[in-house]
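# A look at the structure
Each chain is listed here by its residues.
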Number of protein chains: 2
Amino acid sequence: MMALMKKVLCFALGIGVFAFSCAAATNAWQHPCLMLTPSEVVTIRANLGRAPLFDAAFSEAKAQVEHALVAPAGVPVPLDASGVTAQRHEKNGSDLQTAGFLFQITGDKRYAEFVKDLLKRYADLYPKLGKHPASKGITPGRLFWQPLNECVWLSRVSQAYDCIYDSLTPAERSRFEQNIFRPMVKFITEDCQREFDKIHNHGTWAVTAVGMIGYAMGDETMVRQALYGSKMDGKSGYLRQLDELFSPDGYYCEGPYYARYALIPFFLFANVIQNNQPELKIFERRDALLHKALNALLQQTYNGAYFSINDAMKEMTLGNAGTVFALDHTYSQYERDPALLSVARLQDHVSLDASGLAVARALAATQQTPAFPFASIEFTDGPQGSGGGLGILRSGADVNDSLALMKYTSFGMDHGHYDKLALLYYDQGHEILPDYGSARFVNIEQKYGGRYLKENDTFARQTIAHNTVTVDEHSDYLGKFATANTKHSDRQFFDAHDPDFQIMSATDTTAVPGVAMQRTIAMIRDARLEHPVVVDVFRLTSEQPHRYDYPFYFQGQFMDVNLKLTAHVNERHPLGDHDGYQHLWVEAEGQAAGPVAFTWLSGGLYYTITTAADDSTKVLFTRIGANDPEFNLRNEPAFMLRQEGNSHVFATAIEPHGHWDGMRESTSGGEPNIRAVQVLASTADGTVVRITGKKKLEWTLMIANSTSTSAAKHSVNAGDETFTWEGNASLVKN
Amino acid sequence: MMALMKKVLCFALGIGVFAFSCAAATNAWQHPCLMLTPSEVVTIRANLGRAPLFDAAFSEAKAQVEHALVAPAGVPVPLDASGVTAQRHEKNGSDLQTAGFLFQITGDKRYAEFVKDLLKRYADLYPKLGKHPASKGITPGRLFWQPLNECVWLSRVSQAYDCIYDSLTPAERSRFEQNIFRPMVKFITEDCQREFDKIHNHGTWAVTAVGMIGYAMGDETMVRQALYGSKMDGKSGYLRQLDELFSPDGYYCEGPYYARYALIPFFLFANVIQNNQPELKIFERRDALLHKALNALLQQTYNGAYFSINDAMKEMTLGNAGTVFALDHTYSQYERDPALLSVARLQDHVSLDASGLAVARALAATQQTPAFPFASIEFTDGPQGSGGGLGILRSGADVNDSLALMKYTSFGMDHGHYDKLALLYYDQGHEILPDYGSARFVNIEQKYGGRYLKENDTFARQTIAHNTVTVDEHSDYLGKFATANTKHSDRQFFDAHDPDFQIMSATDTTAVPGVAMQRTIAMIRDARLEHPVVVDVFRLTSEQPHRYDYPFYFQGQFMDVNLKLTAHVNERHPLGDHDGYQHLWVEAEGQAAGPVAFTWLSGGLYYTITTAADDSTKVLFTRIGANDPEFNLRNEPAFMLRQEGNSHVFATAIEPHGHWDGMRESTSGGEPNIRAVQVLASTADGTVVRITGKKKLEWTLMIANSTSTSAAKHSVNAGDETFTWEGNASLVKN
């Protein structure tokens, strides 16, 4: 049967015309040829019962399909975005893929019959479908409200078709291809051509779906369109996506939350290409880019959660199926890095394929796996690495160690937020100074069908929703996507070689015309302090007067602030009426008289923000939740400084201190050690900040404001004193 | 040495005068005689290295004292309530106790010297102390801000003294007794006589401290005062405390949070009495009351956390030292119940004494211990069990099973809250409809020195802060402690024999004169529903018109409500100006037109409250946090019904449904199954409620409003229909 099919295919396609066909390696044009090869089928069959995590995935798959076999599947006319009909079609896609896989591994014909029967019903339904009734975007879907879901469905169902291909009659194949797959490809490549050719994760899914069904059907044009774009000119398509959506060190331009999703089609199609056109050496492309992409994704997590920059959902952790899939394929396609196994152990799942089996076998063979090397690291952004970046400082590799993150990337496309130079700070395994992430409840029908909520635009994406400076109550780029999407911040320097003094600096001149920003974040350890301290120096320079709002969203309970507050206890109003300000209740306000110290309690530690201030500094305490009639937002608090002036330097120490154990009713060190932060001077050449505290602690932090080589000398006068140093930054501890 | 001391003591005390002295069992008037006996010392020495949990406690103790040996202890003049000096004296008390223990076990004289040196310094300090400068209460402390802490200190230090007694010269003993112990006892029994004789946990600590040092010094009067009160007439003292603070089934009158604290002195002194006057058979008193008390304490937990009724702190879990101590002594003093071992395994700690050793040895000897039988159970309150009670319905014994709790106890003394008939509901291992607990940050200096905050009185204790009905915006008993403390609700019935229909009912006629309340809470399982449903029927009857506010504080995110809300999006005001209402922001309000359904998301499940309503029912959404200028409160939301009228029945179903998994982006069942709740009739004889929903679900719940025997027949007319049933309640499922 297999041999016969091979002949038929070769005939149908025409030898020589189809470059990757019969002339290629042994497996080509046998089926299955997508996510399973005949030799992988043999390996998997031989190893059932030998690798517990793979066996678990296999059992789950069997349970899923056996359940589907007895509960007759509906193939309803699509009605809703995330309701019953959408869930049904998604489930059918998953059931079909899994049943196809099981047919190959077990040879049980019931599974093939299930796939065939369901495909017949789709062959009846699909030609009748017009525009999906719940479509909202500019490109309506057909089977689902958006074409993206249709592409995901096709990538799954193409695998099912591939797996049962040899068991179908030519007439059955013809019917499925003519009624489902070809019209669906036509819809994706023609009706949705803009999306298909877009350098974007939706485009990656589209090319992957088309390429996969192309390989399965042996359709050269589809495969070439998938690889090289709808016009097959290389200006779009999978290879271009791989070249443009990642920086040279593997940072994905939308950030980690969407990376874990985008990596699915990238690894999926790479695996399919490898199985069919190994001569393309897809896993070696761009110096093994996909390997770097997976490593970058893992580095962009804290205690298993992705950094919540841009449109992230906080519930998403690295146990998700996309990261499992990408990790398993990275493990098996590259050098089988044993450190990946320790992440796989945490995931406690493997993918249902030969790569998942490889990981499961390795885990079964060893108890001890080296820890994944979470580290301080900088990722550049942009295809050439020149589009800014993301700086990560860690005090250690443990899940409870501190992490300070600065975002100086490009915008991040449709899911980007207007928060140039934002700070996120994690400690004790959770967020301490959080990023809001996105305002959305994925797939929850009551919340606008699970789509992004309007508060995502009106609040979560706005600059004031983030731990960075908002100028004149307007978001970066005045909230204009078209401008923002072409700009980026710039890295200044990143130096994590000294574990006691790690520092990074970035600038932005694009977000607010006429205002130059430089933010420098250091993580400093001192033998006199139990915990590492984050020092944040945010310098703004302008010829014109501005209002600078500098918020810190904090997780935990207010403990104390060293100034008199006027609290709005009986009547409460929003802080403003646009750019996100309309969503912030003003809870209390006050005027500084010197350095401000605000202490809160979070988990088992106290945290104090000590920040340079004087009597021109206004202090605000706000809470998210105004103008939110549908209760779509989380009501989280912020501490904010407001400063008016042309140029200004905010300088802040964030100090964890003491301990609190509610069960033992024990506490200590509730007072901060750091007592004052002062900006001694700030010139074009450099900024000098002094931090003083108990135990005679006196740190002088000197930061170069001009781009400098490591040998460049800097000199800044502050009153009678002159501070000199070499290179980007210097710290003197007394 | 031991024999000599025995003689000296017998001589000093006068044989025959002191009933429990030399005539008593072997160990009497040897030292140590408090929490260690000579034979226990032998046992402990013989078992070191054999029971890991005990070894861990022993190692921790050694590390603690070795650290104290090298870091010279201060004995500062007391200044603060929970700051440096208070923490120092607390730590000294703990170090002394531990060093004494270690001296006995190891024989290492450095430990005895440490105790002696520190006692010398206290002998210098104590006579100089007057009123503590940070005292706030009516009875100022001396070494600490409140006498309670002084009693705890004495109970610890008496053990240290007992352990090194034999190594001291008579002159040293005399000095310590004259300068520290006798004046401290005098202070406690005379200056603080009111507290010493009060039937209250502070009193228990006071009598325990005095009794322990009395036994250690061989002072009969002190011991008799401890046992029988300052006047030694039996109207107060330890035995009276034991008789009056617990109900016959072991419920402690202040609730579980204070029970775990009060049980420390109860078990401590019981153990000391048992070692010195075994003829008192203290562990057998009141039908083994202390055994019941520990079991009741464990039953009053959910997933390890104590029910947060009254002045509870939510961080306190059953791993705390008090519960460890009480559990270990219950295990060893009673029948060595193996189910206690499974709790001990969770605690992962044992007490540093012979009982802790017994538990640790048992755990080391077995891997399998039977689970503690968490169950639906009712506890009566009051010394005779006639002071109301606490009803607990569980859907199972697992940590994730549902639990509904109704509080119909007596007031609970100083730490009681004004919340007659309050409901608490737990599911998925955490609170879903929480009780606020207390407004306090224990031991945190910035928060009023760690004492109860003023918002504890103005909000947390008020009726409106709880899931029960507030009448006319006034708290129960008009918030008057003197009245409240003498009253209690009454149990009506409790029946958990049918796991598919568990039900409890209680009444109150004392909280609001002229308003009779009956609340009935059922937990119902139905094969058509995946989760058990809580049904709540709250009946209020009055001759006069009233305003009834019926709130549900909920944990989670608002999803949907089936009526049009007017949200206060730009300006927000408190709901009222007294009795806790001043702390509630009104976020939104609306008018019902029929049954109201409110859905929120919490953890992995949706919850819907469906409640009978009509166009006379007002709906409010509130959030805690108004009039809180120092940010002392947690900003938690509530859903509230407001009804005006003479009599009214609130009838509500609380249904968990569907699932949500953010990591998998999967959800289902977001719509509730229950669609309507109606009160069909409510008469003096009974109330009939109908609950209808999907899958043709129709439940008719019939509740007897009069006290009835199980055979009593009830009949209620509702329109054309007549409902009849026998006994307290009946459920018809269609």
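As the structure is a prediction and not an experimental result, all values here were calculated from the model. (Residues numbered from 1 in each chain as written. Chains lettered and ligands numbered in written order. Predicted model: local features only at pLDDT ≥ 70, side-chain atom pairs only at ≥ 80, totals over all residues.)

### Comments concerning the overall build of chain A
To keep things clear, this is the line we draw: Every helix listed is a DSSP run of H or I at least four residues long, and every strand listed is a run of E at least two residues long, numbered separately from the N terminus. This radius of gyration counts C-alpha atoms alone. The globule rule is 2.2 Å times how many residues there are, raised to the power 0.38. Whether a residue is buried, exposed or partly exposed is read from the other C-beta atoms within 10 Å of its own C-beta, which are placed from the backbone; 20 or more gives buried, 12 or fewer gives exposed, and intermediate counts give partly exposed.
Counting its secondary structure elements, chain A contains 18 helices and 29 strands. Scaling as 2.2 N^0.38, a compact globule of 734 residues should have a C-alpha radius of gyration of about 27 Å, and chain A matches this with 28 Å. Dimensions along the principal axes, computed over C-alpha positions, put chain A at roughly 90 × 55 × 50 Å. Per-residue burial over chain A gives 57% buried out of 734 residues.

### Describing unusual backbone geometry
The residue after H31 of chain A, namely P32 of chain A, is reached through a cis peptide bond having omega -5°. Positionally, P32 of chain A belongs in the loop between α1 (2-13) and α2 (38-47). Backbone geometry at D348 of chain A places phi at a positive 60°, although glycine is not the residue there. For D348 of chain A, the position within the fold is in the loop between α15 (338-347) and α16 (354-365). Its identity is not glycine, yet F631 of chain B carries a phi of approximately 55°, on the positive side. Of note, F631 of chain B is situated in the loop between β19 (617-624) and β20 (637-645). With 22 C-beta atoms packed within 10 Å, F631 of chain B lands in the buried category.

### Section: the domain arrangement of chain A
Going by this rule: Just so you know, the domain bounds were taken from an automatic or database domain assignment.
The domain boundaries assigned to chain A delineate domain 1 (1-30), domain 2 (37-244), domain 3 (245-373) and domain 4 (382-733). Each of domain 1 of chain A and domain 4 of chain A was reduced to a C-alpha centroid, and the two centroids are 60 Å apart.

### What to know about the sheet that holds strand β13 (residues 546-553) of chain B
All names here are of chain B. We count it as follows: The criterion for strand pairing is that DSSP finds at least two bridges linking the strands in question.
With antiparallel pairing, the six strands of this open sheet are ordered in space as β8-β13-β20-β19-β16-β15. Strand pairing shows two members of the sheet lacking a second neighbour, β8 (470-471) and β15 (565-567), which therefore form its edges. When β15 meets strand β16 (residues 584-591), the two strands line up antiparallel, connected through three bridges. The partner of A567 across the bridge, within β16, is A588.

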